[in-house]
Amino acid sequence: MSDQDDVELVNDSLERCTRRHEFFEAFYRRFSESSDEVAAKFAGTDLRGQTRALRESFYLLLRALGGEPDAWQSLELRALRHDRRHLDIRPGLYGLWLECLLETIRSFDPKVDATIEAAWRRTMKKGIDFMIERY
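Residues numbered from 1 in each chain as written. Predicted model: local features only at pLDDT ≥ 70, side-chain atom pairs only at ≥ 80, totals over all residues. Heavy atoms only, no water.

1. Re the side chain of T51
Logical step 1: As for its position among the elements, T51 is in helix 4 (residues 47-65).
Logical step 2: Given a relative accessible area of 18%, T51 falls into the buried group.
Logical step 3: Discounting residues that sit within four places of it in the chain, T51 has contacts with F24 and Y28. (Helix = DSSP H or I, 4+ residues; strand = E, 2+ residues; numbered from the N terminus. Buried < 20%, exposed > 50% of the residue type's maximum accessible area, 1.4 Å probe, protein only. Contact = heavy atoms within 4.5 Å.)

Following this line, the structure appears as structure tokens:
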């Protein structure tokens, strides 16, 4: 599949997931409960603001993979915020993040199947690799 095919599948799946406002709350609950380290990173975090940032990051990544250079520039700023000198989100946490995300997607997207999940994995891996390279 091409990046564009993946972008379309992920975008459609994200739209289905976010029809229910509890999607991001469920994801953050699952992710925070996945490890003490993650729970500590989110202690005291404004989840409304965090949810907004994550939603924006998803769409930025989709736009970047769709060929918009400005979206990559915005992702650069997010990567800087997550690097070792700022929020210090170590590379090992991204795999856990992805698994928690996929588990949440499976419970919110009624159309999710192996093809859609694979598109999510490929798409998010590109974003994760981007973040890790800038750690």
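Moving on, there is more to tell.
2. Some points on the nonpolar core
Logical step 1: Counting 39 residues, the largest nonpolar core has F23, F27, F58, W97, L101, W120 and M124 as its most contacted members.
Logical step 2: At the level of elements, helix 1 (3-17), helix 2 (22-33), helix 3 (36-42), helix 4, helix 5 (69-82), helix 6 (92-108) and helix 7 (114-133) are the ones that each hand at least two residues to this core.
Logical step 3: Among the elements that make up this core, the one with the highest residue count is helix 6 (nine residues).
Logical step 4: Excluding residues within four positions of it along the chain, F23 makes contact with L14, C17, T18, L101, T104, I105 and F108. (Core = buried A, V, L, I, M, F, W, Y, C linked by side-chain atoms within 4.5 Å.)

3. Brief notes about the packing of helix 6 against helix 7
Logical step 1: Put simply, helix 6 and helix 7 touch, their axes get as near as 11 Å, and they point 150 degrees apart. In terms of orientation, helix 6 and helix 7 fall into the roughly antiparallel class. You can see that helix 6 and helix 7 cross each other, and the crossing is right-handed. Counted together, Y94, W97, L98, E99, L101, L102, I105 and R106 of helix 6 and E117, W120, R121, M124, I128, M131 and I132 of helix 7 form the full contact between these two elements.
Logical step 2: By residue class, the composition of the contact of helix 6 with helix 7 is eleven nonpolar, no polar and four charged. (Axes fitted to C-alpha atoms, helices over the stretch in contact; angles between N-to-C directions. Parallel < 35°, antiparallel > 145°, perpendicular 65-115°, else oblique. Left-handed = near helix turned anticlockwise from the far one by under 90°. Nonpolar A, V, L, I, M, F, W, Y, C, P; charged D, E, K, R; others polar.)

4. Side note on the pattern of salt bridges
Logical step 1: Summed over the entire model, instances satisfying the criterion amount to 16 salt bridges.
Logical step 2: Among the salt bridges present, the one from E68 reaches R63, with a minimum N-O distance of 2.8 Å.
Logical step 3: The class of E68 is partly exposed, set by a relative accessible area of 35%.
Logical step 4: Between R106 and E117 there is a salt bridge, with the nearest N and O atoms lying 3.0 Å from each other. On the criterion of sequence distance, the pair formed by R106 in helix 6 and E117 in helix 7 is long-range, its members being eleven residues apart.
Logical step 5: Judged by relative accessible area, E117 falls into the buried class, the value being 18%.
Logical step 6: Counted as one network, the salt bridges with shared partners bring together E99, R106, E117 and R121. (Salt bridge = Lys/Arg side-chain N within 4 Å of Asp/Glu carboxyl O.)

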